[in-house]
Amino acid sequence: MDNGIRMRAEGVNFYYGSRPALKDVNLDIQRSQVTSIIGPSGCGKSTFIRLLNRMNDLVPKSRLEGKILLDGEDIHAPETDVVEIRRRVGMVFQKPNPFPKSIYENIKYGLEINGLRDKSLIEQRVVESLKKAALWDEVKGRLYESALRLSGGQQQRLCIARCLAVEPEVILFDEPCASLDPISTSRIEELLMELKRDYTIVIVTHNMQQAARVSGNTAFFLLGEMVEFGRTQDIFTKPRDSRTEAYITGRFG
Amino acid sequence: MRLAKTALNDGHDLFNGGYSGRAAPPRPGASPFSKAGWNKQAAQKAGFFLLFMCILLTLFFLGSIVYFIFAGGGKVLTWGFLTQWPRNAMTEGGIFPALLGTFYLTLGAIIAALPLGLACAIYLCEYTPGNFALNAIRIGINNLAGVPSVVFGLFGLAVFVKFFGFGVSVLSGSLTLGILILPGIISASQEALIAVPNSLREASLALGATQWQTIRKIVLPQALPGILTGVILSVGRAAGETAPILFTAAAFYTRKYPDSPFSEVMALPYHIYALMTEGTHPRQQTAIAYGSALVLLILVLFISGTAVFIRQRQRSING
């Protein structure tokens, strides 16, 4: 797609049963950029980000109208391979969710399910992705220990490493720091700044400072509508919509 | 602000209207709670006492079962009792063929029921969205669990023994027992699968795994201890059931080793039943029946104990 747009939502409506969760959302996600989505709880921001890699396919009785495009192709089209979409659009979840396996196997898993069998190549990829996720120095001596013994922040970086290993093009972060302490949070934020050079990143966050610090573009969601979308700087300094202003100045939410 | 004002007005009206009758308005500072602490404490003590008596009563029954079976069967329980064949019209000797038969029947039941039950559980948990059909299937399976075991026995007689022509055999008995334990295996497996956190499924799918890869490599290994517990408990159930093998597998007495799936076999629970109801020498045979019951009891307790052990260990690992 032109103008550096990697993903695009076109007239997206989404329903849980008969309850609408998203109303006519239009949004462009730019290549090699962090796009953050902010808004109060229940505004549909998590629902939206989970549409970008079709995780909402798992929700029974849900229904989507409109299109979500990845490099111009409709990811919900019947001929699209959902498994391939999810490899290309990786996701890091709110609560760190490493597999109850060793650190090494956590990363190896993603490689194997995508068909990588060569042992030396796997090893190389594991090390690379741990380095990219800024976790290598802390775990290099104990790759075969259970991932569950890592701290919350380390677990989250392991999840990021696991995601990076399968070479996604877009990475979705669904409130990645919600369960982390401030120090772990700042490490993840530093990591995001590093990663945005090579990946397109979308992050849902409750933390407005975080959105202001890490993202180039920000979208504000309220009650299932996308109220305002623009450069982060503009959203936080001169919002056009009074509801955006009310939210960022802390009058509700 | 408006909200607070309304609340205040309501309070005002209440005091003017509500308390204008005989009852004096409560003094400011008086507690609205009853002061009688004694009643509460007494009820508490009475409650504890009742519950404790119920526990005692239950333990009493359990204890007396174990006591009477030990008292009746302890004398005959020797190594030879477990390894010898019955002799002298089953008034002497051991229960070896019955033990062997029970082993074959139980093993056969698990081989028949485990793959089927596990497959059903996986399908129900992982592939079907929560809907009407699913609930109907669940209710059906639960009802299957409530069917009396003698009905399974008759079913086995009609279908496996007669219709398929397997005869009275290990095969017919195993399949009948398999159907009996199927609901247990399905629901234990389902519980184990449901206990696997969804976040792990999501993590796997988000990496580009198919649903089948996710089930095979993430969900099943995680659910395995729970499934195993269910299977072991089912083993205990299958080993102890009499009615399902009554018409389908069990022989009163056979001199032959079961050498094919089509042999009929002796089995522990039926052996006990046979000795007590059809024995020709009640005095000697009653002791042997009690001895067999003791062996069966120990066997089932041991099997259940193993299940509990696995479950505890898994809890401490995940803990």
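Residues numbered from 1 in each chain as written. Chains lettered and ligands numbered in written order. Predicted model: local features only at pLDDT ≥ 70, side-chain atom pairs only at ≥ 80, totals over all residues.

### Concerning the overall build of chain B
Moving on, step 1. The number of helices and strands found in chain B is twelve helices and two strands.
Moving on, step 2. When its helices and strands are written in sequence order, chain B yields α-α-α-β-β-α-α-α-α-α-α-α-α-α.
Moving on, step 3. In chain B, which comprises 319 residues, the proportion classed as buried is 36%. (Helix = DSSP H or I, 4+ residues; strand = E, 2+ residues; numbered from the N terminus. Buried ≥ 20, exposed ≤ 12 C-beta atoms within 10 Å, placed from the backbone.)

### Focus: helix H5 (residues 132-146) of chain B
Moving on, step 1. Its 15 residues give H5(B) an end-to-end C-alpha distance of 21 Å, which sits within 8% of 21 Å, the value for a rise of 1.5 Å per residue.
Moving on, step 2. Of all 15 residues in H5(B), zero are buried, a share of ten percent or less. (Expected span 1.5 Å × (residues − 1).)

### A look at unusual backbone geometry
Residue and element names in this part refer to chain A.
Moving on, step 1. Even without glycine at this site, aspartate 71 takes up a positive phi of about 50°.
Moving on, step 2. Relative to the helices and strands, aspartate 71 resides in the loop between strand E4 (62-70) and strand E5 (73-74).
Moving on, step 3. Accessibility expressed as a C-beta count within 10 Å gives 14 for aspartate 71, which makes it partly exposed.
Moving on, step 4. The phi torsion at glutamate 167 lies on the positive side, around 55°, for a residue other than glycine.
Moving on, step 5. Relative to the helices and strands, glutamate 167 is located in the loop between helix H6 (152-165) and strand E7 (170-174).
Moving on, step 6. For glutamate 167, a count of 15 C-beta atoms within 10 Å gives the class partly exposed.

### A closer look at the confidence of the model for chain B
Moving on, step 1. Here chain B shows a mean pLDDT of 83. Residues at 70 or above account for 87%.
Moving on, step 2. Scoring of the predicted complex yields 0.80 for pTM and 0.92 for ipTM. (pLDDT = per-residue confidence, 0-100.)

### What about H6(A)?
Moving on, step 1. Between its first and last C-alpha atoms H6(A) spans 20 Å; for 14 residues at 1.5 Å apiece the expected length is 20 Å, and the two agree.
Moving on, step 2. The element H6(A) is extensively covered by neighbouring structure, given that 13 of its 14 residues are classed as buried.

### Some remarks on the environment of A:Leu64
Residues and elements named next belong to chain A.
Moving on, step 1. Within the secondary structure, leucine 64 is located in strand E4.
Moving on, step 2. A count of 16 C-beta atoms within 10 Å places leucine 64 in the partly exposed class.
Moving on, step 3. Beyond its immediate chain neighbours, meaning those up to four positions away, leucine 64 contacts Phe14, Leu51 and His76. (Contact = placed C-beta atoms within 7 Å.)

### So, the interface of chain B and chain A
Moving on, step 1. At the junction of the two partners, chain B supplies 16 residues and chain A supplies 20 residues.
Moving on, step 2. Of all the secondary structure elements, the ones that give two or more residues to the side of chain B that touches chain A are helix H8 (198-206) and helix H9 (211-240) of chain B.
Moving on, step 3. With six residues, the single largest contributor to the side of chain B that touches chain A is H8(B).
Moving on, step 4. Taken together, the residues of the side of chain B that touches chain A break down into eight nonpolar, six polar and two charged. (Nonpolar A, V, L, I, M, F, W, Y, C, P; charged D, E, K, R; others polar.)

### Details of the packing of helix H3 (residues 103-113) of chain A against helix H4 (residues 119-132) of chain A
Residues and elements named next belong to chain A.
Moving on, step 1. H4 packs onto H3 with a crossing angle of 115° between their chain directions and a minimal axis gap of 10 Å. Relative to H4, the crossing made by H3 is right-handed. Contacts from Tyr104, Ile107, Lys108 and Leu111 of H3 reach H4 at Ile122, Arg125, Val126 and Ser129.
Moving on, step 2. Along the lines of polarity and charge, the residues of the contact of H3 with H4 split into five nonpolar, one polar and two charged. (Axes fitted to C-alpha atoms, helices over the stretch in contact; angles between N-to-C directions. Left-handed = near helix turned anticlockwise from the far one by under 90°.)

### So, the nonpolar core
Residue and element names in this part refer to chain B.
Moving on, step 1. Ranked by size, the top nonpolar core spans 144 residues in total, and within it Leu105 and Ala267 carry the most contacts.
Moving on, step 2. Per-element accounting of this core gives the leading share, 13 residues, to helix H7 (residues 170-194).
Moving on, step 3. Excluding residues that lie within four positions of it along the chain, leucine 105 makes contacts with Val170, Gly173, Ser174, Leu177, Ala238, Ile245, Ala249, Val265 and Ala267. (Core = buried A, V, L, I, M, F, W, Y, C linked by C-beta atoms within 7 Å.)

### Brief notes about the packing of H8(B) against H9(B)
Geometrically, a packed helix pair is captured by the angle between its two axes and the distance between the axes.
Residues and elements named next belong to chain B.
Moving on, step 1. Between H8 and H9, whose axes approach to 10 Å, the crossing angle comes to 160°. Looking at the two axes, H8 sits roughly antiparallel to H9. Along this stretch, H8 crosses H9, giving a crossing that reads as right-handed. On the side of H8, the interface is formed by Leu200, Arg201, Ser204 and Leu205, while H9 contributes Thr214, Ile218, Val219 and Gln222.
Moving on, step 2. In terms of residue class, the contact of H8 with H9 is made up of four nonpolar, three polar and one charged. (Parallel < 35°, antiparallel > 145°, perpendicular 65-115°, else oblique.)

### Some points on the pairing of strand E1 (residues 5-16) of chain A
In summary, the side chains of a regular strand alternate between the two faces of the sheet.
Residues and elements named next belong to chain A.
Moving on, step 1. Sheet topology note: the E1/strand E2 (residues 19-30) ladder contains eight bridges and is antiparallel. Across the sheet, the residue bridging to alanine 9 is leucine 27, located in E2.
Moving on, step 2. Here E1 folds back onto E2, and the loop between the two strands holds two residues, one of which, glycine 17, carries a positive phi near 65°.
Moving on, step 3. Sheet topology places E1 next to E4; eight bridges connect them, and they run antiparallel. From the neighbouring strand, methionine 7 faces E4, where its bridge partner is leucine 70. (Pairing = 2+ DSSP bridges.)

### Here's the deal with the pairing of strand E3 (residues 34-38) of chain A
Residues and elements named next belong to chain A.
Moving on, step 1. Across the five residues of E3, five count as buried, placing the element largely inside the fold.
Moving on, step 2. The pairing of E3 with strand E8 (residues 200-204) spans four bridges and is parallel. When the sheet's bridge partners are listed, serine 36 is paired in E8 with isoleucine 203.
Moving on, step 3. Inspection of the sheet shows E3 paired to strand E9 (residues 217-222) by four bridges, in the parallel sense.

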